[in-house]
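Chain by chain, the residues run as shown.
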Amino acid sequence: MSKKYGAYICTGCGIGDALNIDQICEVAEEEGFQAKSHPFLCGKEGVEFLKKEIAGGVTHMAIAACSRRVNFDVFRFDDCYVDRVNLREQVVWSHTKTQGEEIDHLQMMAEDYLKMSMEKLKKVKTPEAYKLENFTRNILVIGGGITGISAALDAAKAGYDVTIVEKEAQLGGYAAKVRKQLPLSAPYTDLAQPILAQKLAELKAMPNITVKTETVVARIAGQPGDFTVTLKKPGEAIEFDVPFPLPPEMKVDENGKELDKDQLIERYKEYNKGKNDILTFDPNGLKFGAVVLAAGWRPYEPKEGEFDHLGWGASPDVVTNHQFEQLAAKGKVIRPSDGKPVKSVVFVQSPGKGDDADFPYTGSVTSLVALKQAKYVREDDPDAKAYIIYQNMRTPGLQEYFYKSMQQDNGIFLTKGEVVSVTKNGNGLIVEADNTLLGDKIQIDADMVVLATGMVPVTADDPVINLAYRQGPAFRDNGIFDQYADSNYICFPYETQRTGIYAAGAIRRGLTMEESIEDAAGAALKAIQCIESANRGVSVHPRYGDMTFPDFFFARCTQCKRCTEECPFGALDDDEKGTPKPNPTRCRRCGTCMGACPERIIGFADYNIDTIGSMIKAIGVPTTDDYDEPPLRILALVCENDAYPALDMAGLHRCTYSPNVRIIPVRCLGSVNVAWIKEALSKGMDGAFLLGCKHGDDYQCHFVKGSELASIRMRKIGEALVSLALEEERVAQFELAIDEFDKVPQMIDEFAAKIEELGPNPFKGF
């Protein structure tokens, strides 16, 4: 199909007052674009105007108006590829026009941004959705506790076939072991009877739910929409064939004798560096479109000597909250040492020793459990007393009402404080606490002491999902939050680092049963969304709806494995030579593989090395032939997820910064290839910086590792700059949270001032 290009400039929102629109149209026409302006493109008349242009044959359209982050639905047309040129937030709202200046910076910016867009439109290809040949909508739920049961019910009610896999002989998990649940309804003051029986009855009535007990996942292979899952009995050994030929030298022993199958498998593991114990495709495996991981948690088990000062191990009457719940589930709570009813129980929420931290793996759930179990003590005996000594009491949401009702109970004593010691006193215990709300040390005679130990996700010990991925059988291959399953707990709850596998319940963080039921609904909905997205050939969040996927020019691949190793989501496997094997529906379209590739052979239909490189070349770089003192030119590669919105908000608040910067949004800083930086500097631009999400332990990158990988690459580019006799300071990377728009001007202006001190790029004008 022949292409017809159009450039459409909106004059509203102050754009027409600040810029010479006729001159901008001339720039577009010089590039072979049909150029027109309109006073209100996002209005009804403006949209109809654009639709007529499309009906007239325009296939690629540059809309120069507001930010791409607003009116995205207004300017989305099925029959035309649209690129947005941000003249409002990042030109006229963030820069001022001063009368009498030799250089009209605003006009130059607007023209540069339009030129960049036009170059992009010339290079892009219209994306075509990737469709799987084999596709299934079935959903696998791993874990038959309250979370897994709830997720299965929610997915089944939406019309999907669901299979629950539970390693125990019965469904229910921990929900089958509790005496009562936290309050479920107003006035949130009374404990509720367990709802597991109700859930199980509902489950039994659903014809599209299959339950497999005493079963675990041996392996998951494939990709969303086409997972192949092998199941087995706990402890059962399953052999898988070696997936691809080993190098010849690894097929024989030191004497040249051929290895048998078991030896080959061991060699394979060695060859694959132990990352993948589960090996190949299983023709007899079950097919699923998505997976909900609801495998739950195990109680934290204190190590020997860990809590000696709290009496742990010295007395059977010092127990964990899990052990106390088991006692309470049998009836009235009795003292383990002699079987007598308890009259006084102390609930210890923090291990103390001068630290206000809670026990490991705890949170709000352990605060609520302490309140619930204190209620047990009062229900069993109206004359009994319960004492809760805490450093942090967390009762989120409506459970605050429960907390307040417990404060009104005369038999329950709550105080902030540090438990210094727990010692034996005849048949009982003495609990000593310091720094209490009373201001003095206190001593409490207790029949039992309960330690508020936490909930350890089962993934801390066991990958559970056993993925047949190049990156290994578990989620994490990057050292961040190894034991929990979330990919980005701030922005994308339920998502793991493996597309199509969604976590719910205590596998994500410590949750109450009530919270886990709600969590299950979220994970089930995400699994459904993933299945339907894969069927349509589009990506899941954060680039939801993106039809592009990475394309490889394998003829130039050097098998360096950087793309497979750096992909945050395990989208790429590789063969015995290291050649990448894409799994498109696993891909989240971040472009990290593209940024990693030294041969620049990876790209997307509308986002690749050549496209961004051409946009950089389109930026005008003034020289001494143009001005006596030519202005600087600085390239800014800006993450579209946090940094670009922050720049937009800076414009919204009329924050101003250097007009010498030219901004190109990128999918993620992980997608930035150093070739773009070299392109900018060789063109004569005076500096370049990356602006993206924060990384580290408290990372905010939507694609987990993008900002961190970019920082590593930028450190390496310093060597190349030195070899070109360019200062390393000409390239920098800055971190920004989405709400830190007020920091943008200072960051940019300080970098521009540093570049000005360094002086012009010596390559300028060549």
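The structure contained in this document is the topic of the report that follows. All figures in this text were calculated on a predicted structure; none of them were measured in a lab.

### Points about the overall build of the protein
The number of helices and strands found in the protein is 19 helices and 30 strands. Once the C-alpha set of the protein is aligned to its principal axes, its extents read approximately 95 × 75 × 55 Å. For the protein, the proportion of its 766 residues judged to be buried stands at 58%. Sequence separation of at least 24 residues holds for 70% of the intrachain contacts in the protein that already meet a minimum separation of 6. Carbon and sulfur atoms make up 48% of the accessible area of the protein, which amounts to about 32600 Å² in all. Distance between charge centres in the protein, computed from 88 positive and 111 negative side chains, equals 4 Å.

### A few points about the sheet that holds strand β30 (residues 731-735)
Strand order in this open sheet of four strands is β28-β27-β29-β30, and the pairing throughout is parallel. The two strands at the open ends of the sheet, each matched to only one other strand, are β28 (661-666) and β30. Taken over all neighbouring pairs, the strand axes of this sheet differ in orientation by 20° on average, direction set aside. For strand β27 (residues 634-639) and β28, the ladder comprises six bridges, and the chain directions are parallel. Opposite Cys 639, over in β28, you have Val 666 as the bridge partner. Relative to the sheet, helix α18 (residues 706-723) contacts β29 (687-692) and β30, its axis offset from that of β30 by approximately 165°. This element, helix α19 (residues 744-758), spans β27, β28, β29 and β30 of the sheet and lies at about 160° to β29.

### Focus: the sheet that holds strand β11 (residues 290-293)
Taking strand neighbours across the sheet as the criterion, the five strands line up as β7-β6-β5-β11-β22 in an open arrangement whose pairing is parallel. One side of each edge strand has no neighbouring strand; the edge strands of this open sheet are β7 (209-213) and β22 (501-503). Neighbouring strand axes in the sheet, compared pairwise and without regard to direction, differ in orientation by 20° on average. The pairing of β11 with β22 spans three bridges and is classified as parallel. Looking across to β22, one finds that Val 291 is bridged to Ile 501.

### Comments concerning the pattern of salt bridges
Summed over the entire model, instances satisfying the criterion amount to 41 salt bridges. Among the ionic pairs, Glu 740 bridges to Lys 694, the shortest N-O distance being 3.2 Å. Residue Glu 740 is located in the loop between β30 and α19, and its partner Lys 694 is located in the loop between β29 and α18; the two are separated by 46 residues in the primary sequence. Shared partners join several salt bridges into a network, and the residues in it are Arg 68, Arg 543, Asp 546, Asp 606, Glu 640 and Arg 667.

### With respect to the packing of aromatic side chains
Evaluated as defined, the whole model comprises 14 aromatic pairs. Each ring, one from Tyr 174 and one from Trp 297, has its centre 4.7 Å from the other, and the planes form 50°; the classification is tilted. You can see Tyr 174 sitting in the loop between β6 (162-166) and α7 (196-204) and its partner Trp 297 sitting in strand β12 (residues 297-299), a full 123 residues away along the chain. Look at Tyr 174 and you get partly exposed, because its relative accessible area is 24%. Among the aromatic residues, ring-to-ring pairing joins Phe 689, Phe 734 and Phe 751 into one connected group. Its end group placed over the ring of Tyr 376, Arg 179 keeps NZ or CZ at 4.6 Å from the ring centre. Between Arg 654 and the ring centre of Trp 93, over which it is positioned, the NZ or CZ distance is 4.1 Å.

The rules behind each value
- Residues numbered from 1 in each chain as written.
- Predicted model: local features only at pLDDT ≥ 70, side-chain atom pairs only at ≥ 80, totals over all residues.
- Heavy atoms only, no water.
- Helix = DSSP H or I, 4+ residues; strand = E, 2+ residues; numbered from the N terminus.
- Buried < 20%, exposed > 50% of the residue type's maximum accessible area, 1.4 Å probe, protein only.
- Contact = heavy atoms within 4.5 Å.
- Areas by Shrake-Rupley, 256 points an atom, 1.4 Å probe, with all protein chains shown as cover.
- Lys, Arg positive; Asp, Glu negative; His and termini not counted.
- Charge placed at Lys NZ, Arg CZ, Asp CG, Glu CD.
- Pairing = 2+ DSSP bridges.
- Axes fitted to C-alpha atoms, helices over the stretch in contact; angles between N-to-C directions.
- Salt bridge = Lys/Arg side-chain N within 4 Å of Asp/Glu carboxyl O.
- Phe/Tyr/Trp six-rings, centres within 6.5 Å; stacked < 30°, edge-to-face > 60°.
- Lys NZ or Arg CZ within 6 Å of the ring centre and 35° of its normal.

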